[in-house]
Amino acid sequence: MLEKSKIDINDEQVTSNDREIVVDKIITPGQLVMKRFVRNKLAIIGIVILVSMFLISFIGPFFSPYGEYEIFFQKDGVEFTEDIENYDDENIKVLIKAPPSSKHWLGTDRDGRDTFTRLMYGGRISLVIGFVVVAIELFLGVILGGIAGYFGGKTDNIIMRIVDIFFCIPFLPIVLILSSALITLEVPGSQKIYYLMLVLGILGWASVARLVRGQILSLREQEFMIATEAIGLKPRKRIFKHLIPNVMPQLIVLATLGVGGIILTESALSFLGFGVPFPFASWGNMVSAVTDPIILKKYLYIWIPPGICILATVMGFNFVGDGLRDAFDPKMRR
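Just so you know, these numbers come straight off a predicted model, no measurement behind them.

Draft legend 1. Up close: the overall build of the chain. Along its length, the chain carries 11 helices and 9 strands. Working note: accessible area of the chain is about 19,200 Å², and carbon and sulfur atoms make up 63% of it.

Draft legend 2. Spatial organisation of the environment of F37. Its place among the elements puts F37 in helix α1 (residues 29-39). Placed 291 residues apart in sequence, F37 and F328 show a C-alpha to C-alpha distance of 8.6 Å. What F37 contacts, discounting residues up to four positions off in sequence, is A43, I44, I47, V320, G323, L324 and A327.

Draft legend 3. Here's a closer look at a positive patch on the surface. Residues K234, R236, K237 and K241 make up a contiguous surface patch of positive charge. With respect to the element layout, K237 can be found in helix α8 (residues 235-272). According to the relative accessible area criterion, K237 is partly exposed, its value standing at 31%.

Draft legend 4. Spotlight on unusual backbone geometry. Although it is not a glycine, K97 adopts a positive phi angle of roughly 55 degrees. Its location among the elements puts K97 in the loop between β9 (93-94) and α3 (115-151).

Draft legend 5. The arrangement of the layout of surface pockets in detail. Put simply, the largest pocket is a space of about 490 Å³. In this structure, the largest pocket is lined by 28 residues; those nearest its centre are S270, V276, P277, F278 and N285. Elements that contribute at least two residues to the lining of the largest pocket include exactly α3, α5 (171-184), α6 (189-219), α8 and α9 (283-287). Considering every element that reaches the lining of the largest pocket, the biggest residue donor is α5, with 5 residues. Residues belonging to the lining of the largest pocket are distributed by class as follows: 15 nonpolar, 7 polar and 6 charged. Approximately 330 Å³ is the volume attributed to the second largest pocket. Taken together, 19 residues line the second largest pocket, and the ones lying closest to its centre are E137, L203, G204, S207 and I262. Contributions of two or more residues to the lining of the second largest pocket are made by α3, α4 (153-168), α6 and α8.

Draft legend 6. Examining the environment of I129 more closely. Along the chain, the position of I129 falls in helix α3. For I129, a relative accessible area of 1% corresponds to the buried category. Not counting chain neighbours up to four residues away, the residues in contact with I129 comprise I193, L196, M197, I262, E266 and V276.

Draft legend 7. Focus on the sheet that holds strand β7 (residues 73-75). As summarised here, the arrangement of the 3 strands in space is β8-β7-β9, forming an open sheet in which the pairing is antiparallel. Strand pairing shows two members of the sheet lacking a second neighbour, β8 (78-80) and β9, which therefore form its edges. Sheet analysis places β7 next to β8, joined by 3 bridges and oriented antiparallel. Looking across to β8, one finds that Q74 is bridged to E79.

Draft legend 8. Layout of α3. The terminal C-alpha atoms of α3 lie 53 Å apart, and with 37 residues this matches the ideal 54 Å at 1.5 Å per residue to within 8%. Between the side-chain oxygen at the start of α3 and the backbone nitrogen of F116 there is a gap of 3.5 Å, and the oxygen is on D114. Count one or two residues on from α3 and you reach G152, which has phi positive near 65 degrees.

Draft legend 9. Geometry of the environment of I216. For I216, the location among the structural elements is in helix α6. Once the C-alpha coordinates of I216 and G145 are considered, the two residues, 71 residues apart in sequence, prove to be 8.3 Å apart. Discounting chain neighbours no more than four positions away, the residues touching I216 are G145, G146, G149, Y150, L243, I244 and V247.

Draft legend 10. Representation of the packing of α3 against α6 in the model. Across the interface, α3 lies against α6 with an axial gap of 5 Å and an inter-helix angle of 40 degrees. When the axes of α3 and α6 are compared, the pair comes out oblique. In this structure, α3 crosses over α6, and the sense of that crossing is right-handed. When its residues are assigned to classes, the contact of α3 with α6 shows 24 nonpolar, 6 polar and 2 charged.

Draft legend 11. How the structure looks around the side chain of D109. Checked against the element boundaries, D109 lands in the loop between β9 and α3. Ignoring anything within four residues of it in the chain, the contact list for D109 reads I96, K97, T115, R118 and I302.

Draft legend 12. The arrangement of the confidence of the model for the chain in detail. Mean pLDDT over the chain works out to 81, with 88% of the residues at or above the 70 mark. Confidence drops under a pLDDT of 50 for residues 1-24, and excluding neighbours within four residues, the segment shows 32 contacts in the predicted structure.

Scoring rules and cut-offs
All residue numbers refer to positions counted from 1 along the written sequence of the respective chain. The model is predicted, so local features are restricted to residues of pLDDT at least 70 and side-chain atom pairs to those at 80 or more, both for listing and for counting; the totals for chains, interfaces and linings are taken over all residues. The basis for every side-chain value is the complete set of non-hydrogen atoms in the structure, without hydrogens or water. A run of DSSP states H or I qualifies as a helix once it reaches four residues; a run of E qualifies as a strand once it reaches two. Both are numbered from the N-terminal end. Residue burial considers only the protein chains on display, and all accessible areas are found by Shrake-Rupley using a 1.4 Å probe. Contacts were defined at the residue level, with two residues in contact if any of their heavy atoms lie within 4.5 Å. Only residues whose relative accessible area exceeds 30% and that form no salt bridge enter a patch; like-charged residues are grouped when within 9 Å of one another, and nonpolar side chains (Val, Leu, Ile, Met, Phe, Trp, Tyr) when within 5 Å. The salt bridge definition used is simple: a Lys or Arg side-chain nitrogen within 4 Å of an Asp or Glu carboxyl oxygen. The sign given to each residue is positive for Lys and Arg and negative for Asp and Glu; His and the chain ends receive no count. By convention, charge coordinates are those of NZ in Lys, CZ in Arg, CG in Asp, or CD in Glu. Burial classification: accessible surface area is computed with a 1.4 Å probe over protein chains only, and a residue below 20% of its type maximum counts as buried, one above 50% as exposed, and the rest as partly exposed. The pocket and cavity definitions rest on a 1 Å grid over protein atoms only: a 1.4 Å probe that fits but cannot leave marks a cavity, an open set with protein on both sides within 12 Å along at least five of seven lines marks a pocket, and residues lining either have an atom within 4 Å of a point. Grid points are joined across faces, edges and corners, and a volume is the space filled by probe spheres set on the points. Lys, Arg, Asp and Glu make up the charged group, whereas Ala, Val, Leu, Ile, Met, Phe, Trp, Tyr, Cys and Pro make up the nonpolar group; the residues left over, Gly among them, are polar. Two strands make a pair as long as DSSP finds a minimum of two bridges between them. Given a helix with a known number of residues, its expected span is that number minus one, times 1.5 Å. Pairing of N or O atoms within 3.5 Å defines a polar contact, subject to two protein rules: one partner must be a possible hydrogen donor and the other a possible acceptor, and residues neighboring in sequence count only if both atoms are side-chain atoms. The axes are straight lines fitted to the C-alpha atoms, using for helices just the contacting stretch, and the angles between their N-to-C directions are given from 0 to 180°. Our angle categories are set so that under 35 degrees counts as roughly parallel, over 145 as roughly antiparallel, 65 to 115 as roughly perpendicular, and the remainder as oblique. Each helix crossing is assigned a hand: it is left-handed if the near helix lies turned anticlockwise from the far helix by less than a right angle, otherwise right-handed if that turn is clockwise. The predictor rates its confidence in each residue with pLDDT, a number between 0 and 100.

Right, dumping it as structure tokens:
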């Protein structure tokens, strides 16, 4: 695209025959997309929110004086973090549901742990789950959707029938069955997180494959693809070097919006008790404290902060996704 700009030399406008000298400045498609994106105020707000959440979740724990699993006790008004099993004193009490203070900015939770510290560690787990699940979805969806759209015929029919099967799989019952199986097999909590990411990714790739397949069906008959066939490129190179890059704008938008959706899904599963297991912290299992009606009414500082983090993060991803969608749209003129 061409954009007109004036030439200025020594802060004076250069003129010829009382007319302005105008030159054409070439703007690449990438620069045009960036220009549109930067003009979108909501998208910039989304970037600020996401950067803040990433800093809090991944950098913040390094500056925290407390550990993720550190339990606080109190005796005669003195706070300490030693193991209560080492003491046989009735005056030692767990510092549960302590109100916000200078030592604990968001108080302590129902187990006597620092809420703000667990909020940072919980954000780390929630964001990592979101990105890993979306990466699995894109990996499977791009490969299978690309193969189906390019080759067509029986290959397309087989892959699309598999996609239909995955669309029909009931999500919640599968997660419940898997959770029960992991409990029966006594799988460690740290490994349950990996199984959770794997299951969410495998159950969610079908929509990506359908999108990629539809885009490639419309691209494979265009002139540039006929040229790649004429020069003898292998099908693998045609798909991954020429077709997939032309689908990347749609995939970027889908991935951005998908991360927010995965964070919500993980939060819902953790709230129901089938997500990230205790004692690992995630925003979802921190919000699950509202299942206790007393905490719901009297201890707002325990569950409202992780709820706000979920809301802000998902909103940030949606703002960025909407901004990218508008920026990649060639019909947009804003």
